[in-house]
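Here's the letter readout for the chains.
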Amino acid sequence: MHSVPFVDSHTGGEPTRVILEAPFDLGSGSLAERREIFAAKYDDYRRAFCTEPRASDTTVGALLVPPSDPTCSVGVIYFNNTGYLNMCGHGTIGLVRTLEYLGRLQPGPHRIDTPVGAVGATLHADGRVSIENVAAYRAEKGFVLPVDGLGKIAGDIAWGGNWFFLIENHGLEIALKNRDQLTDYCLRVREALALRSETQKIDHIELLGPSHVADSRNFVLCPGGAYDRSPCGTGTSAKLACLCADGKLSPGQIWRQESVIGTIFEAAYHLDRAGSIIPTITGSAFVNAKGDIVLDEQDPFQFGIS
Ligand code: PYC
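Not measured: the values here are computed from a predicted model.

**Q** Explain the site of the ligand to me, and be specific about the residues and the numbers.
**A** Near the ligand the following residues occur: C88, G89, H90, H204, C222, D228, C232, G233 and T234. H90 has a polar backbone atom sitting 2.8 Å from an oxygen atom of the ligand. Look at the ligand: alone it shows 250 Å² of surface, and the protein chains cover 99% of it. Among the detected pockets, the ligand sits in the largest cavity.

Below you can see the structure in the form of C-alpha cells.
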C-alpha cells in the first residue's frame, strides 16, 4: 500500500486536484517531455487520480513538478479522466490558491512552468488570482463543418493554451437546464472535427451566447466529456483572440465571461513585442478538501475503473 498527498479546490465550480508529490520519476526534461513520459509509463496514475471511484469526469488533475524554466517557481502537468491537457486556466487559479493554502506562496506575482510554456500568476490580496496565459490566436474564422444530424456548422478555430472550436450560431439557449442537449450538440461537433486530419487536434468545443450579467455566457465541452463548470480560462483566452481578430475588443478592455453555471472570469489582453495576444484571466478558487490517495494492491480498482 502507498499513499500520495493531494489538495482539492474548485475554481468557479470546476474542480482541480493538485497532486503534491509524484510517486514516480519523470526526469528533468522540459515539461512537455515529462508529460510524454507520464503518459507513456505512468498513465495508470492519471486514472488513479482522476477517474472513478476516487474522482469523476469533471476532475482536472495537476501534478506539481520542479520547473525546467529557471524563471518559474513551480511546474505543473494537467490531466483528466481521458488524457492530458496543454494548459488549464481554472486549474492554474486553483493551483495558486492551493500553494497559498499550504503556505508555499504569498500574494504577488509568480511564474509557473507548463508543457506549453511559462505562464504568469498573480495572487491578489483579496484572494483572487490573475493568470497571464501563453499567447492566444485565431487560426481560422468561419470554418464550415458538416455535422451528422446538425447540418453545416460554422465556427472559429482558436488556440488559447488548448485548441477550441467556438460556435455562436448554434440556436441553443446556454442554460444549465439544457446541459444534456448542449453536451450532445458538442459531442457531435467534436466527432465531426475528429474525422478530418486538419481539425483532429481540436478537443474543446465552446458554445457562446448572451448573458444578463456579463459580456457573454459559454458552455465548454472538455475532452473527457464533461462540461466546464467555470468559464474556462483557455476557452476565454481563445475567445479574446477571436474578439481581437474581429476588432471587437481593444487591448486592456475588460471582457466578462460567464459560465453555464453563472460563475465569471474577468479577462483582458495586451499585445507583446511580437504583436501576439497575451490574455490575462482573473477568477477565484477555494480549497475544499485535502488528503491522501491510497493505492492498495488488493484493490482491483486502485488505478480506477476503465
Ligand atoms: O480553465 O482552461 C481551463 C480549462 C480547460 C479544461 C477545463 N478547464
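**Q** Before we move on, can you summarise the side chain of T59 with the specific residues and values?
**A** For T59, the location among the structural elements is in the loop between helix 2 (43-50) and strand 3 (60-65). Assessed through its relative accessible area of 8%, T59 is described here as buried.

**Q** How would you explain the layout of surface pockets if you had to name every residue and give the values?
**A** Quantified by volume, the largest pocket comes out at close to 250 Å³. Lining the largest pocket are 15 residues, with K141, D156, E168, K239 and D246 sitting closest to its centre. Secondary structure elements with two or more residues in the lining of the largest pocket: strand 8 (137-147), strand 9 (151-159), strand 10 (163-167) and helix 5 (233-245). Broken down by class, the residue content of the lining of the largest pocket amounts to 6 nonpolar, 3 polar and 6 charged. Taken together, E173, I174, A175, G209, P210, S211, H212, V213, R217 and E258 make up the lining of the second largest pocket.

**Q** Please give an account of the pattern of salt bridges that cites residues and values.
**A** Pairing between side chains of opposite charge can happen when their charged atoms approach one another. Inspection of every chain in the model, using the stated rule, returns 14 salt bridges. Among the charged side chains, a network of salt bridges with common partners joins R138, K141, D156 and D246.

**Q** An account of the pairing of strand 11 (residues 204-209) is requested, with residue identities and associated values reported.
**A** The element strand 11 is largely enclosed, with a buried count of 6 among its 6 residues. Bridge analysis of strand 10 against strand 11 gives 4 bridges, and the strand direction is parallel. Its bridge partner being in strand 11, I167 is matched across the sheet by L207. Where strand 11 meets strand 12 (residues 216-221), 5 bridges bridge the pair, whose relative direction is antiparallel. Directly across from L207, in strand 12, lies its bridge partner F219. What sits between the antiparallel neighbours strand 11 and strand 12 is a turn of 6 residues.

**Q** Give a detailed account of the environment of F143, specifying residues and quantitative values.
**A** Residue placement: F143 occurs in strand 8. A relative accessible area of 7% places F143 in the buried class. Expressed as a C-alpha distance, the spacing of F143 and K201, which sit 58 residues apart in the sequence, is 15 Å. Apart from residues no more than four positions distant in its own chain, F143 is found in contact with I153, A154, G155, I157, F165, R196, E198 and T199.

Scoring rules and cut-offs
- Residues numbered from 1 in each chain as written.
- Predicted model: local features only at pLDDT ≥ 70, side-chain atom pairs only at ≥ 80, totals over all residues.
- Heavy atoms only, no water.
- Near = heavy atom within 4 Å.
- Polar contact = N/O pair within 3.5 Å; in protein donor to acceptor, adjacent residues only side chain to side chain.
- Areas by Shrake-Rupley, 256 points an atom, 1.4 Å probe, with all protein chains shown as cover.
- 1 Å grid on protein atoms, 1.4 Å probe; cavity = no way out; pocket = protein on both sides within 12 Å on 5 of 7 lines; lining within 4 Å.
- Sits in = over half its atoms within 2 Å of the grid points.
- Helix = DSSP H or I, 4+ residues; strand = E, 2+ residues; numbered from the N terminus.
- Buried < 20%, exposed > 50% of the residue type's maximum accessible area, 1.4 Å probe, protein only.
- Points joined across faces, edges and corners; volume = space filled by probe spheres on them.
- Nonpolar A, V, L, I, M, F, W, Y, C, P; charged D, E, K, R; others polar.
- Salt bridge = Lys/Arg side-chain N within 4 Å of Asp/Glu carboxyl O.
- Pairing = 2+ DSSP bridges.
- Contact = heavy atoms within 4.5 Å.

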